[in-house]
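Chain residues, written in single-letter form:
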Amino acid sequence: MSSPQPGLPPGTETIAIIDYGGQTAQLIARRVREHGVFCELLPWDAPRAVFEALAPRGYILSGGPESVYAPDAPSLPSIVLESGVPVLGICYGMQLLSHALGGRVAPSAHREYGLAELERDAELPLFRGLPQELTVWMSHADRVDMVPDGFRALGHTRNAPAAIMGDPKRGLYAVQFHPEVTHTPFGSKLLGNFVLEVCGCRGDWTPARFIETAVDAIREQVGDGSVLVAISGGVDSSVTAALVHRAIGDRMHAFFIDHGLLRQDEPEDVARLFASLGISVTMVDAADGFLAALAGVEDPETKRKIIGTCFVREFERQAASVGQLDFLAQGTLYPDVIESATSASGSAHKIKTHHNVGGLPEDIEFGVIEPLRFLFKDEVRRVGRELGLPEKVVMRQPFPGPGLAVRILGEVSREKLATLRQADAILRQEIEARAGELGDEQPWQYFAVLTPLRSVGVMGDQRTYGNLVGIRAVTSLDGMTADWARLPADLLTRIATRIVNEVAGVNRVVYDISSKPPSTIEWE
Ligand code: XMP
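Residues numbered from 1 in each chain as written. Predicted model: local features only at pLDDT ≥ 70, side-chain atom pairs only at ≥ 80, totals over all residues. Heavy atoms only, no water.

**As for the overall build of the chain**
In step 1: Across its full length, the chain holds 15 helices and 18 strands.
In step 2: The C-alpha radius of gyration computed for the chain amounts to 26 Å, which stays within 12% of the reference 24 Å derived for 524 residues, consistent with globular compactness.
In step 3: The buried share of the chain, taken over its 524 residues, is 55%.
In step 4: The contacts of the chain with a sequence gap of at least 6 include a subset with a gap of at least 24, amounting to 75%.
In step 5: Total accessible area computed for the chain in this model is approximately 22,900 Å², and 51% of it derives from carbon and sulfur atoms. (Helix = DSSP H or I, 4+ residues; strand = E, 2+ residues; numbered from the N terminus. Rg over C-alpha atoms; globule rule 2.2 N^0.38 Å. Buried < 20%, exposed > 50% of the residue type's maximum accessible area, 1.4 Å probe, protein only. Contact = heavy atoms within 4.5 Å. Areas by Shrake-Rupley, 256 points an atom, 1.4 Å probe, with all protein chains shown as cover.)

Here it is, written out as structure tokens:
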């Protein structure tokens, strides 16, 4: 079986999720993957050849904001019903399926939004292991009030007589609610039943199988060439490096640029990690160059630009020093691939190459290998565990490319970096020590910020005039939005007390209680 994108292991069973613009379309893909089935999220107007090449064992039609009666409403690609494989329509996908097959879609008397109780009216493989009554999450205006020929209602709610409908003989099903969201407790099970029981997938898309096939694919792509990998210490680049190394051993050249803006012990941790994995990494101490370029610069955007430029120069130096290089390996993930896929009618499925190593020099010619381009972050973490990476790396919180430079407000100096590193290490130690107890308030990202503000304090009998440190801990799913974590008061007290007592020059700590938006997570 071929694939529309290079690198998908041959023989992989696939499900195509057709994206109608619903907010939760990506979640459908994640749920399907959780059941060990590979799936791709494709725009509804992708060229037919894309669907043909994927040859899915089933289609899932996502929700979407339109009404099927709207002019230019997104439509059902003809291949979906022609291919004869099972189909599951969700919300807008249900209305579309109904409309295409001669059912009737009408505005619901009540706009249903939120939780509803659903009663099942059938016993089918789609419902294996599900209770008779299900709590489901609805979000729709239109509903199906006459099911198409061959279909029957398989479940109802108070407002929707056909909240689930299906034609089991043809393997066509549709649900009015959203099984992909966690508010529909048995939704993941239902999606699992669809792909495993109805579509008949094996469910063998496991981390171990992914590794095996990714390693083969890298070997095939690289041949006897060599590969350059820039390691950041984060999970994506670490997993990428571990995979490439497994495939081609010492023909991989890995380097780590220490720009002098890292957290406490970070370069040493990275060196230790890769030594323990038997992977040799060139550690580049570039701090002098970066810090010299940043001297006297206060403006946040200028600081970022300078760091980007220094990074590219250092990258070029490293690439040149290795001699002949054929490929660059990058840790691009599936959400980046989806985001950069254009869906304009008839246009090719365009995939942008992500320059997430900090901006690649344009005059160096490499092939690009992106072994993680089919994976979501949680899948990358599972692959990392399977490869034997320690939990500390697998679960590492995001850290911005420009490092501590965007957490020191104003000019960066070695002294300020030393102060911030100490405060940040205390914050991390204390939060990590309580990690098991924080539940929903377990922060997704947490760090200290050094401000140039000074305030008066008193220590012993002495008046102090010291710097203000801000601490930030946020809950978030993906960094796009965030809320401040409601950390317990005693934990905050302990962090503040330790920072003021242990970090010279700091006499006051404030906790940032702003959400994103309107604030951002980082302070610069
Ligand atoms: P903001 O501050 O925009 O951050 O709310 C959202 C997430 O992105 C991270 N971040 C960066 N990551 N390079 C990166 O690789 C950057 O320049 C950068 N700036 C912010 C930030 O830490 C948070 O996780």
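**Re the domain arrangement of the chain**
In step 1: Per the domain assignment, the segments of the chain are domain 1 (14–198), domain 2 (207–394) and domain 3 (413–511).
In step 2: Centre-to-centre, using C-alpha coordinates, domain 1 lies 46 Å away from domain 3. (Domains from an automatic or database assignment.)

**Some words on the sheet that holds strand β12 (residues 281–285)**
What links the strands of a sheet is backbone hydrogen bonding, and the strands pair in either a parallel or an antiparallel sense.
In step 1: Ordered in space as β12-β11-β10-β13-β14, the 5 strands form an open sheet in which the pairing is parallel. A strand with exactly one partner marks an edge of an open sheet, and here the two such strands are β12 and β14 (367–369). For this sheet, the mean angle separating the axes of adjacent strands, direction not counted, is 25°.
In step 2: Bridge count for strand β10 (residues 227–231) against strand β11 (residues 252–258) is 5 bridges, and the pairing is parallel. Looking at the pairing, V229 lines up with A254 of β11. (Pairing = 2+ DSSP bridges. Axes fitted to C-alpha atoms, helices over the stretch in contact; angles between N-to-C directions.)

**A closer look at the packing of helix α14 (residues 414–433) against helix α15 (residues 489–502)**
In step 1: Running from N to C, α14 and α15 cross one another at 150°; their axes reach a closest spacing of 10 Å. In this view, α14 runs roughly antiparallel relative to α15, as classed from their interaxial angle. Seen from above, α14 lies across α15 with right-handed handedness. Contact with α14, carried on its side by Q422, A423, I426, L427, Q429, E430 and I431, involves L491, R494, I495, R498, I499 and E502 of α15 and no other residues of that element.
In step 2: When grouped by side-chain class, the residues that make up the contact of α14 with α15 number 7 nonpolar, 2 polar and 4 charged. (Parallel < 35°, antiparallel > 145°, perpendicular 65-115°, else oblique. Left-handed = near helix turned anticlockwise from the far one by under 90°. Nonpolar A, V, L, I, M, F, W, Y, C, P; charged D, E, K, R; others polar.)

**Focus on the environment of T309**
In step 1: Turning to its location among the elements, T309 is positioned in helix α10 (residues 300–322).
In step 2: Note on T309: relative accessible area 37%, which makes it partly exposed.
In step 3: Taking C-alpha positions, T309 is 19 Å from S321, a pair spaced 12 residues apart along the chain.

**A short note on helix α8 (residues 266–276)**
Think of an α-helix as 3.6 residues a turn; residues three or four steps apart then line up on the same face.
In step 1: By the burial criterion, the buried members of α8 are E266, P267, V270, L273 and F274. Down the axis of α8, the sector holding all buried residues measures 130°, keeping them to one side. Across α8 from its buried face, at more than 90 degrees, point the exposed residues R272, A275 and S276.
In step 2: Of the surrounding elements, those touching the buried residues of α8 are β10, α7 (235–248), β11, β12 and α13 (391–394).
In step 3: Following α8 by one or two positions, G278 adopts a phi angle in the positive range, close to 75°. (Arc of directions from axis to C-beta.)

**Examining the pattern of salt bridges**
In step 1: Using the criterion set out here, one finds 34 salt bridges in the structure.
In step 2: Of the charged contacts, one joins E13 and R57 as a salt bridge, the two residues approaching to 3.5 Å between their closest N and O atoms. Taken together, the residues E13 in the segment before β1 (14–19) and R57 in the loop between α2 (48–54) and β3 (59–61) connect sequence positions 44 residues apart.
In step 3: The buried category is assigned to E13, whose relative accessible area is 11%.
In step 4: One salt bridge connects R494 with E430, and the closest N-O pair in it is separated by 2.8 Å. (Salt bridge = Lys/Arg side-chain N within 4 Å of Asp/Glu carboxyl O.)

**Considerations on empty space enclosed by the protein**
In step 1: Following the criterion strictly, the structure yields 1 cavity of 30 Å³ or more and no others.
In step 2: Forming the walls of the largest cavity are T12, E13, G36, V37, F38, G203, D204, W205 and R209.
In step 3: Each residue belonging to the lining of the largest cavity can be placed in one class, and the counts come to 3 nonpolar, 3 polar and 3 charged. (1 Å grid on protein atoms, 1.4 Å probe; cavity = no way out; pocket = protein on both sides within 12 Å on 5 of 7 lines; lining within 4 Å. Points joined across faces, edges and corners; volume = space filled by probe spheres on them.)

**What to know about helix α9 (residues 287–294)**
In step 1: Residues of α9 that are buried: A287, F290, L291 and L294. One side of α9 carries all its buried residues, which in axial view fall inside an arc of 90°. Residues D288 and A292 are exposed on α9 and point more than 90 degrees away from its buried face.
In step 2: Each element contacted by the buried residues of α9 is listed here: β11, β12, α10 and α14.

**So, the site of the ligand**
In step 1: Near the ligand the following residues occur: R304, P398, P400, G401, P402, W444, Q445, G479, K516, T520, I521 and E522.
In step 2: Between a nitrogen atom of the ligand and a main-chain N or O atom of G401, the distance comes to 3.2 Å.
In step 3: Within the contact set of the ligand, an oxygen atom lies 2.7 Å away from a side-chain nitrogen or oxygen of K516.
In step 4: Alone, the ligand offers 500 Å² of accessible surface; in the complex the protein occludes 67% of this. (Near = heavy atom within 4 Å. Polar contact = N/O pair within 3.5 Å; in protein donor to acceptor, adjacent residues only side chain to side chain.)

**Considerations on the side chain of S455**
In step 1: Note on placement: S455 falls in strand β15 (residues 445–459).
In step 2: In this structure S455 comes out as buried when scored by relative accessible area, which is 17%.
In step 3: With residues up to four places along the chain from it excluded, the contact list for S455 reads T464, Y465, G466, N507 and R508.

**Some words on the pairing of β12**
In step 1: Here 5 bridges tie β11 to β12, and the two strands are oriented parallel to one another. Among the inter-strand pairings, D258 is bridged to a residue of β12, identified as D285.
In step 2: For the crossover that starts at β11, traverses α8 and ends in the parallel β12, the hand is right-handed. (Right-handed = clockwise from strand over helix to strand, strands pointing away.)

**Describing the nonpolar core**
In step 1: Grouped together as the largest cluster of nonpolar side chains are 88 residues, with contacts concentrated most on L243 and I471.
In step 2: Per-element tally for this core: the top contributor is α7, with 8 residues.
In step 3: A domain split of this core shows at least three residues from each of domain 2 (207–394) and domain 3 (413–511).
In step 4: Filtering out sequence-adjacent residues up to four positions away, L243 remains in contact with F210, I211, A214, V215, I218, P371, L372 and L387.
In step 5: Membership of the second largest hydrophobic core comes to 40 residues, among which are I17, L191, Y334 and V337. (Core = buried A, V, L, I, M, F, W, Y, C linked by side-chain atoms within 4.5 Å.)

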